[in-house]
Structures are given as C-alpha cells and as structure tokens.
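A closer look at the structure
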Amino acid sequence: MKRIHIKTFIGAFVMSLFLASCSNNILDEQPRSIYTPDFFKTEKGVYGGLTSLYAHLRYIYGEAYYYNTLETGTDEATYAQSADQNFKVMDMTGQGDITSTSSRSDRLWGAAFPDINTASGIIENASAVGISDALIAEARFFRAFDYFLLVQTFGGVPLDLGAGELKFNTSPVRVSTRNTVPEVYTKAIFPDLIKAVNDLPADPRVTGGATQTLARLYLAKAYLTYGWWLQNPNNIPTYPASDRTDPDGHDAQWYFQQAYNVATAAIDDPGPFGLQPTYYDVNWAPNDRNNEILLYADHTETSEYYNGSSLTYSGAGDHDNCAVWMMTWNYTVIRSSSSNTEWSAMSSVQREAEQHLGRPWTRMCPTIGVIKNTFADKTNDSRYDGTFTTVYRGNWDKAGVTGPVYNANYMQVQPGDAILTFLNNDPSTPLTYPSGQGDSNIGAAEVPGRSDFVIAPSGISRIVYPGLWKLGTYRTDNNGGLGQPNAASTRPFNIAKFSELYFIAAEAAVKGAATTAGKSARDLINVIRARAGKWRYDNNGDSIKVEDHSAEMVAATPANITIDYILAERSREYYGEGYRWFDLVRTQKWGELASTYQIGGANYGDHTPQTVTRNIQPYLYLRPIPQSQIDGLEMSEADKAAYQNPGYN
C-alpha cells in the first residue's frame, strides 16, 4: 500500500499523518516523507498533495471512535451493552466525564490540521507550474472543509500553523494562538468556499472529486451555521471569547439569506447530481457512489493497495471503515432448534458480509424514542425500512449446516426465512416475553402462528435492537458463503448528499430568509418527503414493493414548518450518518431534545424501558482541545489553561 507522509506543525507537537492513495482508478501517487514548497511547484507534487486531501477523509469518516462522538449522547443513540468508556462518557449519564483525554474528537484535530497545511502548500505554490485554478480550487475546498469541521467542534482554532495565517508551514513551532470563530469563518472558510464555487467544475475531475455543487453545499451550510452562531438564541458560550458580531458588518439574517440563495442555486443548477428515485436507492450498497452522493471517503474490495486496509480482518484501525460495527448487535447469539419436539439449540443467523448483518460490536444502539417517535410512520414513509435491519433471516446453509431447522413455536423454517423480527409497532395486546433468555436465547417473544421470534419497539434494549442497515457491510466476493465479515467495510462512507441542499434552504427559510416561488420551507421539505413515500422494494420484507405514498406524505406535512420539524426530518433522512451532534449544536437544541431517553437494560430478556437523564451543560457544546496538544505547548501554565475550552480545565 502506497503511503504519503504529511508533517505539519501546530502548537508543540508534530502531527504525522500517513495517507493511502484514494480508491481504484481515481488517484495514485508515489509516497513522500515530507512535503516542501518545491515539491508543490511540480505537477506531480500537486497531484500527490491532492491525493492526500481525499485520502485523509478515511481518518475521519468511518473511524469508530470519532463516529461515536457524533451520535452517542444525541437523541439518536446511546451506548450499548459492550460499550467501553470511549462510548459511555459521550452519553453524559454518569458513566464518566467528557474530558480533554477522554473525548475522541482528537481524531478530527489530528487529521484536519495536516490536511489544512497540505492544502495551503498547494494553494501557495501550484500556480507556479501552471496548475489550473480548478485543481487549486480542490485544495481550497478541503482547507475550508476541515476548518468548518474544526470550528463547529472546538470553536475558534489557529489559522497560523507557524508561518503565518493560512500559510504553508514546514518548521516545528511550540506556541499556538487560537483565532476567534468569526475570524475562522470570514478569513478562511467563506473566502475559500466562494473561490471554490467559482473555480470548481460542474463535473468532477475524477470519480468522487470535488465539484461546484459540493462547494455550494458547504458554503450554504457554513452560512447557515454562522448565522445561528451570530444569533445565539440560547446564550451558549463561545471560545475564544468574542462578541457575536461579524467583522464584515453583516447580521445573522444576511447569512441566513445567503444560505438560502446558495442552496437553491445549487438545486436549480445541479450539474450531474440529483435525488435518487427512492430512499432505498440512496443507501442500497450495489448503488453506492450514485449521483446523490457529493462526497465520500472511499474504499474498495478489489485491492488492499487501494482500500487502505485488510480485506479479510480489521482491528478497527484509524483509517478502517468500521462505524457500522458499533451499532450492530450480536445477532449470532440467536438460536433455533434442530428438533420439532424439544429444544436443541443451533445457530441459525451467522455472521455474514451482507448489508443486513456484518460484524457485531454492540457499542451503540438507537433509543426507543427513535423507533417509536422519530420513525412513527412506517407505512407511508420508507425511511425506517431503508435505515434499519429489523428482520434477521436464517443463513445457516451458507456455513455448510444442513438438515431441518425449527424456530418459534417449533415451526420449521428455511434458509432466508425470518428468524427474528423487530415489530414496527407495539401490538395492542402486549407481548409475553420469556423469563430470561428463552428459546431464542435473546429473550424474544413467541406469537401463536408465527415461526419467527419477535420483539416490540418498547422492548429494545442495550443488547438487542435493530441494526443499522444503511451503513451495512457489502461484498460481492462471498461466492455463496458467509464471505469476509471481519474485514472493515469496503463501502464508501458517504459524507455529503445532494438532498441536504433542500434541508439547508428550508432551515434558512424558517430563520427568515426571503423565499422564491415554489421554494418555501414547506415546498422544499415536501420534495424530500414525497421521495420518502415512494417504495420500490420492501427491504426487511425482502420483496418487491412498488407503492407511491408521496401524496400521503405531503398531506401530512404541517402547514407551519418549525426548526423542531426540520430536525425531526433530518433525523429521518440522515439517521446514524454522523450529522446529529452538529445539527443539535448548530440549532442549540441539544439539551432540549436529548436530555432524556428510554432504553431497556443490558441483559437478554430485559425489555423494561428505563428513562435515563443526561447532564448536557452549555460548555459541552464545544469539545475539548486534545490534551496531547495542550501538553506539548511550550507556554506558561496560564497560557495553556487559556488555550483549552472552558469547562475542561
């Protein structure tokens, strides 16, 4: 596997990032131990730097611990039965505190700054060898992309990595000064994204490459987020301390309008991008890299060289795509019987490299509220079915096991039949669960006349819950067997979707942006909801289902669209994709929407919902600066303390 070493220096320590080449037939460059200005003054050097910009996405997206920081502790997820402290502390329920050493947002800090420095090297030097503005715009996009992630996560961050603001640096420095939030937006994020919008092509240079539509999405999102920051409706503190005023003299309303204008411009002029015909198509693995996906961290099953990790076994390394493992429970514990008269336990659902299954780590789980409330409509709205695995089917034959198999009520089942089903709704007559694990071995109920074991939404727990199908494992080399479920996912991790342009414009409209005909907040949301009502396949029923419930979906949309409604729709659309913490922090709704949740216990057979309270304090709206950064600073203890976000000292 080819590697590119990037060294940049911020504060007191050297952050070295080893980046593999991007996916097959996209980008391929020779390794370098260090990037210098002279290197970026060659065509080969520029392309090598651009390769690393795409490759660094793997160290952020799909990385298990960072993924945890974006979901656990929100209204979408809590820690599961096998969670370690990395997951429990993020839940803020007395299992430990988020600190500068326990927060795994350090993964973002460590990956973003080397990338920013590389981008600066390209921007400063590439034009000297006649590199096009379009190529330089890719570097501008990624520099703004990383700074946007950083400022949302940590507040103000350094623009000077040692050689001056937004300058390429090759010398280690042991001091650092954080810029304010307005400075990061107005000096770095907005100028780079505006330039990227102007210079990037409509069609990508390479498969998965940056485009004008992608830059517009992030520019609109940055305008929207900064507008909220200026407005600060719930008086959430910022750091470094700064007035909520814009250096360019604009108010929050101006930024909301810009967000709307840029997002709708992208909708009207989409280039090769657009919405997939159904929600199922967006996340169906054989349809990966479809035209709704604007940016992804790529992987491949065809070559370890290009995949960046083993194709047979993963230890969840920094660059492995293992996020979905975290929200996959140990379904292999389910037992059926080889007898139709007395119970004789056998494993009927085995670990398989298939989108409904995959490798189970049981670190995170959805809350009961997600299943019952967020996805309340499971009849018209296809997004629940297109998000979760709710039916676990027998696959013992793929492991070479033969003979008759009997399941609930001693009824015979065949390979591919349902072994366990999570019901869509709580039945009018409550289920009678066994005492303890029961015949299913997981405490599931039996219903007369059904051969599958069942669990109701109110009965999910930290140990048994619907899996996250949309991110699920997918391989084409299983050859009729179980395949390689212990390898990291070889699917791309989707980062940006065309559909989000509708949400950004709708949110800006709710915040007061003037709208154009046919693009009110309700109009925009209804485009997404109408698509959600169109079915072409019953994912968990494993059967063709061609139904159009778009009229019912549109009719059910409230006349008055609120921020709470947009957040609910965003959760239905992007559940489990790493959007939620940013959404709740941007809108300052985190404490309101995620302060309590319900979930069953951590033992098989525990189906009693427990109400859990979180302690979400205002200072938690910023993550702590990693302690390794603080420790390396050669500054006074007072200056080190001042470098850290308040609440974490």
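In what follows, the accompanying structure is described. (Residues numbered from 1 in each chain as written. Predicted model: local features only at pLDDT ≥ 70, side-chain atom pairs only at ≥ 80, totals over all residues. Heavy atoms only, no water.)

Once that is clear, we can look at the overall build of the protein chain. Of the regular secondary structure elements, the protein chain holds 20 helices and 19 strands. In terms of C-alpha radius of gyration, the protein chain reaches 25 Å, essentially the compact-globule figure of 26 Å for 649 residues. Burial analysis of the protein chain (649 residues in total) assigns 62% to the buried set. Nonlocal contacts in the protein chain, meaning residues at least 24 apart in sequence, comprise 74% of its contacts between residues at least 6 apart. On the protein chain, roughly 21,700 Å² of surface is accessible, and the fraction owed to carbon and sulfur atoms is 47%. (Helix = DSSP H or I, 4+ residues; strand = E, 2+ residues; numbered from the N terminus. Rg over C-alpha atoms; globule rule 2.2 N^0.38 Å. Buried < 20%, exposed > 50% of the residue type's maximum accessible area, 1.4 Å probe, protein only. Contact = heavy atoms within 4.5 Å. Areas by Shrake-Rupley, 256 points an atom, 1.4 Å probe, with all protein chains shown as cover.)

Quick look at the sheet that holds strand β9 (residues 391-393) now. Ordered by their spatial adjacency, three strands build an open sheet running β9-β12-β13, and the pairing between neighbours is mixed. Of all the strands in the sheet, just β9 and β13 (453-455) have a single pairing partner and so form its edges. Strand-to-strand twist across the sheet, computed as the mean angle between neighbouring axes with direction ignored, equals 10°. As judged from the three bridges shared by strand β12 (residues 418-422) and β13, these two strands associate in the parallel manner. Bridge pairing in β13 links T421 to V454. (Pairing = 2+ DSSP bridges. Axes fitted to C-alpha atoms, helices over the stretch in contact; angles between N-to-C directions.)

Here the focus is the side chain of N539. Assignment of secondary structure puts N539 in the loop between β16 (534-538) and β17 (543-548). What makes N539 buried here is its relative accessible area of 3%. Not counting chain neighbours up to four residues away, the residues in contact with N539 comprise Y280, H356, D385, F388 and W469.

With five of its five residues buried, β12 lies for the most part within the structure. Pairing of β9 with β12, which is carried by three bridges, proceeds in the antiparallel orientation. Bridging across to β12, R393 finds its partner in A418.

Our next topic: the layout of surface pockets. Approximately 470 Å³ is the volume attributed to the largest pocket. Along the walls of the largest pocket sit 27 residues, with E352, E354, Q355, H356 and K398 positioned nearest its centre. Counting residues per element, the lining of the largest pocket draws most heavily on β9, at three residues. For the lining of the largest pocket, a count of residues per class yields 11 nonpolar, nine polar and seven charged. (1 Å grid on protein atoms, 1.4 Å probe; cavity = no way out; pocket = protein on both sides within 12 Å on 5 of 7 lines; lining within 4 Å. Points joined across faces, edges and corners; volume = space filled by probe spheres on them. Nonpolar A, V, L, I, M, F, W, Y, C, P; charged D, E, K, R; others polar.)

With that out of the way, let us pick up the pattern of salt bridges. Taken as a whole, this structure holds 38 salt bridges when the rule is applied. Two residues, D91 and R614, come together in a salt bridge whose shortest N-O distance is 2.8 Å. Residue D91 is located in the loop between α3 (85-88) and α4 (106-125), and its partner R614 is located in the loop between β19 (610-613) and α19 (627-632); the two are separated by 523 residues in the primary sequence. Owing to a relative accessible area of 0%, D91 belongs among the buried residues under this scheme. Where D583 meets R586, a salt bridge forms, and the shortest distance between an N and an O atom there is 3.1 Å. Of the two residues, D583 and R586 are both situated in helix α17 (residues 580-586); the distance of three residues between them amounts to about one turn of the helix. Pair check on accessibility: D583 and R586 agree, each one buried. A cluster of three or more residues bridged by salt bridges with shared partners is formed by E292, D381, R383, R529, R531, E569, R572 and E573. (Salt bridge = Lys/Arg side-chain N within 4 Å of Asp/Glu carboxyl O.)

Okay, the packing of aromatic side chains next. In total, this model carries 50 aromatic pairs according to the counting rule given. Look at W343 and F453: their rings are 6.2 Å apart centre to centre, the planes differ by 75°, and that puts the pair in the edge-to-face class. One end of the pair, W343, is in the loop between β5 (335-337) and β6 (345-347); the other, F453, is in strand β13, and 110 residues separate them in sequence. Residue classification places W343 among the partly exposed residues on the basis of a relative accessible area of 24%. Classification of F453 as buried rests on a relative accessible area of 1%. (Phe/Tyr/Trp six-rings, centres within 6.5 Å; stacked < 30°, edge-to-face > 60°.)

Relative to the helices and strands, N290 is located in the loop between α9 (279-283) and β4 (293-297). With residues up to four places along the chain from it excluded, the contact list for N290 reads Q276, D281 and V282.

The subject of this paragraph is helix α5 (residues 133-154). For α5, built from 22 residues, the straight-helix expectation of 32 Å at 1.5 Å per residue is met to within 8% by its first-to-last C-alpha distance of 31 Å. Counting buried positions along α5 gives 20 out of 22 residues, so the element sits mostly inside the fold. Residue G155 follows α5 closely and has a positive phi angle near 85°. (Expected span 1.5 Å × (residues − 1).)

In this section: the packing of helix α7 (residues 212-231) against helix α13 (residues 500-510). Between α7 and α13, the least distance of the axes is 10 Å, while the angle of their chain directions is 30°. Here α7 is positioned roughly parallel relative to α13, judged by the angle of their axes. Crossing of α7 against α13: the hand is left-handed. Residues T213, L217, A220, K221, L224 and W228 of α7 lie in contact with α13, whose contacting residues are E500, L501, I504, E507 and A508. Here the residues of the contact of α7 with α13 sort into seven nonpolar, one polar and three charged. (Parallel < 35°, antiparallel > 145°, perpendicular 65-115°, else oblique. Left-handed = near helix turned anticlockwise from the far one by under 90°.)

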